[in-house]
Amino acid sequence: MSEYRIHHDVDQLLSLLHVRGGDGAEGYIDLLQKHRTPYVTTTVSSHSAKVKLAEFSKTPEDFLRKYEELKSKNVRILDPLVYLLSKFCEDKEMLQSLQKNAKERAESSANTTSTTTTSYSLPQTSTKMSMQELDELRKKLGNVTASSTAPLPAEVTRKMLRDKHNKKNPTQPNPVFPNWVYDRPALLGDFIISPTAAGDPLVPIGTLPMATQELALVEDLLFVLIGVDGRDITAQPVLGRQNRSFIVDSTLDMSIKELVNRILPVASYYSTITRFIEEKSSFEYGQVNHALTAAMRTLMKEYLILVTQLEHLQRQGLLSLQKLWFYIQPTMRTMEILACIASSVEKGECMGGLTLSLLHDRTFNFTGDSQAQELCLYLTKAASVPYFEILEKWIYRGIIKDPYSEFMVEEHELQKEKIQEDYNDKYWDQRYTIVQHRIPSFLQKMADKILSTGKYLNVVRECGRDVTCPDAKEVLYTLKERAYVEQIEKAYNYASKVLLDFLMEEKELVLRLRSIKHYFLMDKGDFFVHFMDLTEEELKKPVDDIVPPRLEALLELALRMSTANTDPFKDDLKIDLMPHDVITQLLRVLAIETKQERSIINADSTEMGLSGLEAFSFDYIVKWPLSLIINRKALTRYQMLFRHIFYCKHVERLLCNVWISNKDFRKYTLHSAKWFSTAFALRQRMLNFVQNIQYYMMFEVMEPTWHIMETNLKTASNIDDVLCHHTSFLDNCLKDCMLTNPELLRIFSKLMSVCVMFTNCMQRFTQLERLSMERESRDRPPPQSTPAEEAEKKRQTTKLLAEHVDALQSEAGFEATISKFDSNFSTLLLDLLDKLSIYSTNDCEHSMISIIYRSERHRTARVIRLHVIINIVTLAAADQIT
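Predicted model only: the values in this text are computed from it and were never measured.

What counts, and where the lines are drawn
- Residues numbered from 1 in each chain as written.
- Predicted model: local features only at pLDDT ≥ 70, side-chain atom pairs only at ≥ 80, totals over all residues.
- Heavy atoms only, no water.
- Helix = DSSP H or I, 4+ residues; strand = E, 2+ residues; numbered from the N terminus.
- Buried < 20%, exposed > 50% of the residue type's maximum accessible area, 1.4 Å probe, protein only.
- Areas by Shrake-Rupley, 256 points an atom, 1.4 Å probe, with all protein chains shown as cover.
- Core = buried A, V, L, I, M, F, W, Y, C linked by side-chain atoms within 4.5 Å.
- Contact = heavy atoms within 4.5 Å.
- Phe/Tyr/Trp six-rings, centres within 6.5 Å; stacked < 30°, edge-to-face > 60°.
- Patch = residues over 30% accessible without salt bridge, like charges linked within 9 Å, V, L, I, M, F, W, Y side chains within 5 Å.
- Salt bridge = Lys/Arg side-chain N within 4 Å of Asp/Glu carboxyl O.
- Axes fitted to C-alpha atoms, helices over the stretch in contact; angles between N-to-C directions.
- Parallel < 35°, antiparallel > 145°, perpendicular 65-115°, else oblique.
- Nonpolar A, V, L, I, M, F, W, Y, C, P; charged D, E, K, R; others polar.
- Pairing = 2+ DSSP bridges.
- Expected span 1.5 Å × (residues − 1).
- pLDDT = per-residue confidence, 0-100.

A.B. asks: Quick one: what's the story with the overall build of the protein chain, residue by residue and with numbers?
C.D. replies: Helix and strand counts for the protein chain come out as 32 helices and six strands. Here the protein chain holds 882 residues, and the buried ones make up 40% of them. As displayed, the protein chain has an accessible area near 49600 Å², and 55% of this comes from carbon and sulfur atoms.

A.B. asks: Please provide a residue-by-residue account of the nonpolar core, values included.
C.D. replies: Phe527, Phe618 and Phe689 are the most contacted members of the largest nonpolar core, which has 106 residues in total. In terms of residue count, the dominant contributor to this core is helix α26 (residues 673-715) (15 residues). Once you skip the residues sitting within four places of it in the chain, Phe689 turns out to touch Phe748, Leu751, Met752, Phe825, Leu829 and Leu832. Of all hydrophobic cores here, the second largest spans 86 residues; its members include Leu217, Leu221, Val224 and Tyr303.

A.B. asks: Lay out the packing of aromatic side chains in plain terms, naming residues and giving numbers.
C.D. replies: Inspection of the entire model under this criterion finds 30 aromatic pairs. Residues Phe616 and Phe646 carry aromatic rings whose centres are separated by 5.1 Å and whose planes lie at 40° to one another, so their mutual orientation is tilted. Placement of the pair is Phe616 in strand β6 (residues 616-620) and Phe646 in helix α25 (residues 632-665), with a sequence separation of 30 residues. In terms of burial, Phe616 and Phe646 fall into one category: buried. What links up through ring pairs into an aromatic cluster is the set Tyr519, Phe520, Phe527, Phe528, Phe531, Phe616, Phe618, Tyr638, Phe642 and Phe646.

A.B. asks: Tell me about unusual backbone geometry, residues and numbers included.
C.D. replies: Here the bond from Trp624 into Pro625 is cis, since omega is 10°, no more than 30 degrees from zero. Structurally, Pro625 can be placed in the loop between β6 and α25. Not every positive phi belongs to a glycine, and Glu508 is a case in point at roughly 55°. Structurally, Glu508 is set in the loop between α18 (482-506) and α19 (509-520). In this structure, Met738 is a non-glycine residue whose phi angle is positive, near 70°.

A.B. asks: An account of the environment of Val288 is needed here, citing residue identities and associated values.
C.D. replies: Following the sequence through the fold, Val288 ends up in helix α12 (residues 286-315). In this structure Val288 comes out as buried when scored by relative accessible area, which is 1%. For the pair formed by Val288 and Ala382, sequence separation is 94 residues and the distance between their alpha carbons is 8.5 Å. If we ignore the near neighbours within four places in the chain, the residues touching Val288 are Gly352, Thr355, Leu356, Ala383, Pro386, Tyr387 and Glu406.

A.B. asks: Go over a nonpolar patch on the surface with me, naming the residues and quoting the values.
C.D. replies: Taken together, the side chains of Leu81, Leu84 and Leu85 present a nonpolar region at the surface, about 230 Å² in accessible area. Residue position: Leu85 is located in helix α5 (residues 78-90).

A.B. asks: I'd like a rundown of the packing of helix α10 (residues 210-224) against helix α13 (residues 321-348), residues and numbers included.
C.D. replies: For the pair α10 and α13, interaxial distance at closest approach is 9 Å and the crossing angle is 30°. What the angle tells us is that α10 and α13 run roughly parallel. Residues Glu214, Val218, Leu221 and Leu222 of α10 lie in contact with α13, whose contacting residues are Leu321, Gln322 and Leu324. Looking at the contact of α10 with α13, its residues break down into five nonpolar, one polar and one charged.

A.B. asks: Can you explain the pairing of β6? Please cite residues and give values.
C.D. replies: Two faces belong to every sheet, and in a regular strand the side chains alternate between them. The buried fraction of β6 amounts to five of the five residues, a majority that puts the element mostly inside the structure. Side chains of β6 alternate between two faces, with Phe616, Phe618 and Tyr620 and Ser617 and Asp619 buried alike. Of the strand pairs in this sheet, strand β5 (residues 573-577) and β6 are connected by five bridges, and their pairing is antiparallel. Residue pairing in the sheet places Ile575 in a bridge with Phe618 of β6.

A.B. asks: Can you lay out helix α14 (residues 353-365) for me, pointing to particular residues and giving the numbers?
C.D. replies: Here α14 contains 13 residues, and its C-alpha end-to-end distance of 18 Å stays within 8% of the 18 Å for a straight helix at 1.5 Å per residue. With 10 of its 13 residues buried, α14 lies for the most part within the structure. Along α14, the residues classified as buried are Gly353, Leu354, Thr355, Leu356, Ser357, Leu358, Leu359, His360, Arg362 and Thr363. Looking at the buried positions of α14, the neighbouring elements they touch are α12, α13 and α15 (370-397).

A.B. asks: Please set out the packing of α15 against helix α17 (residues 447-462) residue by residue, giving values where relevant.
C.D. replies: Two numbers describe how α15 lies on α17: the axes approach to 6 Å, and their chain directions differ by 55°. What the angle tells us is that α15 and α17 run oblique. Facing α15, whose interface residues are Leu391, Trp394, Ile395, Tyr396 and Arg397, α17 presents Ile450, Leu451, Thr453, Gly454, Lys455, Leu457 and Arg461. Split into classes, the residues belonging to the contact of α15 with α17 amount to seven nonpolar, two polar and three charged.

A.B. asks: Mind laying out helix α27 (residues 719-736), listing which residues take part and the relevant values?
C.D. replies: If you check α27, its first and last C-alpha atoms are 26 Å apart, about what 18 residues at 1.5 Å a residue would give, namely 26 Å. Within α27, the full set of buried residues consists of Ile719, Val722, Leu723, His726, Phe729, Leu730, Cys733, Leu734 and Asp736. Looking one or two residues past α27, Met738 carries a phi angle of roughly 70°, positive in sign.

A.B. asks: How would you summarise the pattern of salt bridges if you had to cite specific residues and measurements?
C.D. replies: Opposite charge on two side chains makes pairing possible when the charged atoms of those side chains draw close. Inspection of every chain in the model, using the stated rule, returns 27 salt bridges. Asp572 is the salt-bridge partner of Arg512, the closest N and O atoms lying 2.3 Å from each other. Taken together, the positions of Arg512 in helix α19 and Asp572 in the loop between α21 (548-560) and β5 put the pair 60 residues apart, joining distant regions of the chain. Across the pair, exposure class does not vary: Arg512 and Asp572 are buried alike. Here Arg632 ties to Asp619 by a salt bridge, and the two come within 3.3 Å at their closest N and O atoms. You can see Arg632 sitting in helix α25 and its partner Asp619 sitting in strand β6, a full 13 residues away along the chain. No difference in accessibility class separates Arg632 from Asp619, as the two residues are buried.

A.B. asks: Any chance you could break down the confidence of the model for the protein chain for me, citing the residues and the numbers?
C.D. replies: Taken residue by residue, the protein chain gives an average pLDDT of 76. The fraction at 70 or more is 68%. Put simply, helix α30 (residues 805-809) is where the protein chain has its lowest mean pLDDT, 46, and α15 is where it has its highest, 91. Contacts from residues 114-126, a stretch scored under 50 in pLDDT, to residues over four places away or in other chains number four contacts.

A.B. asks: Which residues make up the environment of Val498, and what are the values?
C.D. replies: Structurally, Val498 is set in helix α18. Residues Val498 and Cys469, 29 residues apart in the sequence, show an inter-C-alpha distance of 9.6 Å. The residues touching Val498, leaving out its near neighbours within four places in the chain, are Val460 and Val467.

The structure is reproduced here in structure tokens:
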């Protein structure tokens with residue numbers, strides 16, 4: 001059971017029990033994962049659990065009757081459920097909790113449920129109910145009970161099955177028997193119940209001599225054994241799925257009557273088998289039931305031959321009642337087993353895999369009774385032929401031909417093209433799925449491999465290549481599982497190798513992944529330097545003002561001018577302007593398979609002031625079948641990593657530009673030296689932080705994880721392993737880059753915002769200082785220039801000074817602003833380091849310790865440099881004093 005299945009089941013159980021609050025499903029799932037054991041119920045354990053529950057029950061007979069009824073319907077989870085309930089009986093605390101919960105739910109439902117479900121008027125409790133009213137109420141209740149439990153008529157069931165099939169396969173309508181097959185009861189071979197009762201015989205049989213009674217009863221029995229009423233033995237109408245019963249003349253001698261009652265069960269078995277054969281041989285009930293009825297029909301021919309031989313002896317006067325009982329006994333066991341199987345299939349409404357499971361279980365249950373086991377084995381082999389034919393086409397060619405929905409694998413109509421567009425598309429998981437109740441019990445262990453085998457071959461077939469397993473052999477049912485298990489294993493190994501070689505060699509999967517790594521994980525440094533230099537001005541614009549074709553042209557130019565020009569797949573790289581920033585994109589991914597998914601996907605993207613840098617991302621064109629591995633969900637993860645690193649690169653470039661401006665400005669600024677030195681130190685701290693974060697993500701997270709993935713891909717044995725390794729690589733990168741922890745991401749985004757605001761502020765300060773210096777230089781003798789140039793220069797200076805006149809009035813404002821930036825950055829950085837320390841300790845995320853280590857190392861280096869500078873200044877001052 002997968003983690004998602006456990007989560008679903010626990011969530012449904014909490015909903016049924018109306019449990020609210022607490023840790024929710026997650027807390028219980030952790031306990032289940034830690035304490036679950038691979039327990040399998042056995043015959044002994046299920047029997048002891050049944051006995052324990054019967055002893056605990058207030059009505060043990062009703063419980064055992066219900067258990068046998070469900071067992072006859074072949075309910076596969078019955079024994080595990082009984083075992084679980086027996087464990088509940090042993091836990092008194094659990095019982096008290098369940099009883100309390102049941103009482104609370106009953107009270108809440110009583111308060112909320114209206115009494116409009118029935119329209120029967122009950123007498124007032126204060127008045128006494130008459131016998132006539134009691135009989136009327138009993139009849140009404142009996143009718144309601146009978147209508148709710150009685151099976152549907154055969155023609156209604158056939159119509160429902162036919163409509164279900166035609167809805168699923170509109171191009172292949174179900175073949176139908178003509179109506180006269182069902183309208184002429186004489187063709188069915190079962191008893192024909194006359195609407196009028198037969199008259200009394202002229203002479204009661206009990207008045208005849210014993211020898212005459214015996215001869216008459218032998219003749220009657222031979223008729224009854226082939227579904228025809230006798231003179232003194234008549235069949236009763238059958239209600240629902242009941243067994244046929246008979247009425248024997250009451251005047252018959254008791255000794256003869258006792259022997260007749262011993263033989264009559266064979267006639268009842270014959271009636272049950274005949275009705276089953278006639279009903280289940282219809283096309284609507286599937287090929288497995290059709291094959292089963294064909295095998296039963298063959299056995300019934302032998303039975304009819306026996307009855308014919310007995311009739312021949314009876315005509316010769318050589319058949320007595322004792323001889324008839326002697327000759328019929330060997331057949332009685334066979335007929336009993338066939339009737340029991342027919343009743344179980346009928347009660348359980350079994351088709352396909354359910355029928356095979358029932359037959360397989362019966363075969364194993366008759367271990368020790370060789371004749372019964374051989375009979376069940378014959379039926380199971382015959383019934384499994386059409387099922388194994390579907391299985392062979394699936395595991396040998398990747399084709400499903402299942403017209404009656406009997407096979408364990410079900411095909412869904414999904415378009416493989418959507419896998420390139422929809423990040424929540426589940427083509428690989430949902431195109432072909434396992435239907436649990438259709439899995440024969442003897443194939444339960446191999447179900448996953450059967451599913452994967454056909455899926456692998458189907459992928460190759462959809463690429464235009466016809467594949468057939470070279471080791472294809474006929475799969476036959478046998479009590480020894482090794483025979484068909486070996487065939488499935490061979491087919492699975494072949495399919496795995498074919499698809500893996502097809503993707504790795506012909507489709508060059510590893511080279512494709514390396515190409516994606518070059519661009520999304522910034523593996524090509526010179527390409528990004530060229531690209532960011534070319535697109536810097538364009539990406540500063542609002543996203544609505546950007547012209548995508550221009551960005552595509554600049555991307556093409558950067559690709560041709562860098563080492564990326566050697567990449568054979570560079571033309572698949574495209575520009576994508578997202579309608580949301582990276583935080584929103586993260587929420588969209590984290591919302592997959594949650595209740596908030598639809599609301600987030602359908603939310604209107606009203607990002608205010610979204611710049612090109614915030615919206616920019618790469619996209620990659622991936623064609624089938626590589627889109628199975630590099631699907632939209634994987635590309636979304638790559639995009640998140642890219643946008644995260646890309647924004648860090650952008651902040652680094654801004655800080656470097658501030659460093660360049662400060663370097664040029666430092667040559668002629670003197671009166672602002674105090675705040676300038678503080679700003680210079682803060683800028684260096686920010687740059688060190690951003691560079692360390694980039695180094696950590698690219699060289700301590702992505703590169704080692706990438707090499708691990710490449711090593712694992714070389715040893716992968718099937719496509720599921722490749723999917724697992726690739727997904728694991730992306731998930732580890734996202735987690736170690738702090739993109740899966742909203743709290744860390746929030747602090748980190750604030751740090752980046754502080755850095756960006758600081759660079760904007762420093763650029764503005766530098767520009768104002770430069771204007772101030774230019775204003776002072778105007779008092780000096782001007783160089784030779786035209787009057788027009790002087791006027792334009794004066795106008796621009798006056799305009800900028802007017803815009804920032806308040807900032808120029810006080811140099812203390814500069815120091816306060818820089819001090820506030822320093823305080824905010826230091827607080828957020830310490831907060832980030834504290835959170836990283838907690839997560840690395842509690843959640844064993846040891847890779848995040850590298851960030852703490854590198855930050856502390858640079859902090860220590862700064863302290864050491866500061867002490868060195870103080871010592872140098874102190875020594876210089878001492879020398880001057882001396």
